[in-house]
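Fold and geometry: a report
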Amino acid sequence: MDISSAIKWILFLAIIPMTFIWLRRAWRIFIKHDYSEVALKRGEAPPNARKWAPVTGVINLAAGTVGLLILLSVPLWVFTGIRIGSLPEYETWSAVAGSTLWIKVFADYIISRQAHPFLLGRKKEKEKDSK
């Protein structure tokens, strides 16, 4: 096995935990109604996590579905020759996986910043005394 084959396998196997985590988060949000991982900023959930749960859940579900499609289509093509779209080629599935990862990272960042707005201006006296 040469180095390029090893890197391809490492990239492919790295999709497994990412897909699991994304689908688990979607499951927790939509089925269990657990909003503890919604729009986190510095490890803290926003005060109105329920408001941001559908958006975060859809992003996690979409990213997990794309990862699952890659995980199913590449071995299916390797072992049986059945193609699902154009995903079996390395250039295609690695581009789709990379784009999905970056889009999810940016979308989670944007949602967390929207859910935790920052206040402009002077702090009120009550907030100063509590700190």
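Analysis parameters
- Residues numbered from 1 in each chain as written.
- Predicted model: local features only at pLDDT ≥ 70, side-chain atom pairs only at ≥ 80, totals over all residues.
- Heavy atoms only, no water.
- Helix = DSSP H or I, 4+ residues; strand = E, 2+ residues; numbered from the N terminus.
- Expected span 1.5 Å × (residues − 1).
- Buried < 20%, exposed > 50% of the residue type's maximum accessible area, 1.4 Å probe, protein only.
- Contact = heavy atoms within 4.5 Å.
- Salt bridge = Lys/Arg side-chain N within 4 Å of Asp/Glu carboxyl O.

1. Considering helix H3 (residues 90–115)
Taking 1.5 Å per residue as the helical rise, H3 with its 26 residues ought to reach 38 Å, and the 37 Å between its terminal C-alpha atoms agrees with that figure. Of the positions making up H3, those classed as buried are Trp 93, Ala 97, Thr 100, Lys 104, Ala 107, Ile 111, Ser 112 and Ala 115. Where H3 is buried, its residues meet helix H1 (3–30) and helix H2 (49–80).

2. Some words on unusual backbone geometry
One non-glycine residue, His 33, lies in the positive phi region at around 55 degrees. Turning to its location among the elements, His 33 is positioned in the loop between H1 and H2.

3. Side note on the environment of Ile 15
Position of Ile 15 relative to the elements: it lies in helix H1. In this structure, the C-alpha to C-alpha distance between Ile 15 and Leu 68, residues 53 residues apart in sequence, is 8.4 Å. Setting aside chain neighbours within four positions, we find Ile 15 in contact with Gly 67, Ile 70, Leu 71, Trp 93 and Ala 97.

4. Some points on the pattern of salt bridges
Across all of its chains, the model carries 3 salt bridges by this definition. Note that Arg 25 is salt-bridged to Glu 37, the shortest N-O span being 2.8 Å. Residue Arg 25 is located in helix H1, and its partner Glu 37 is located in the loop between H1 and H2; the two are separated by 12 residues in the primary sequence. Overall, Arg 25 belongs to the partly exposed group, its relative accessible area being 25%. The network of salt bridges with common partners includes Arg 25, Arg 28 and Glu 37.

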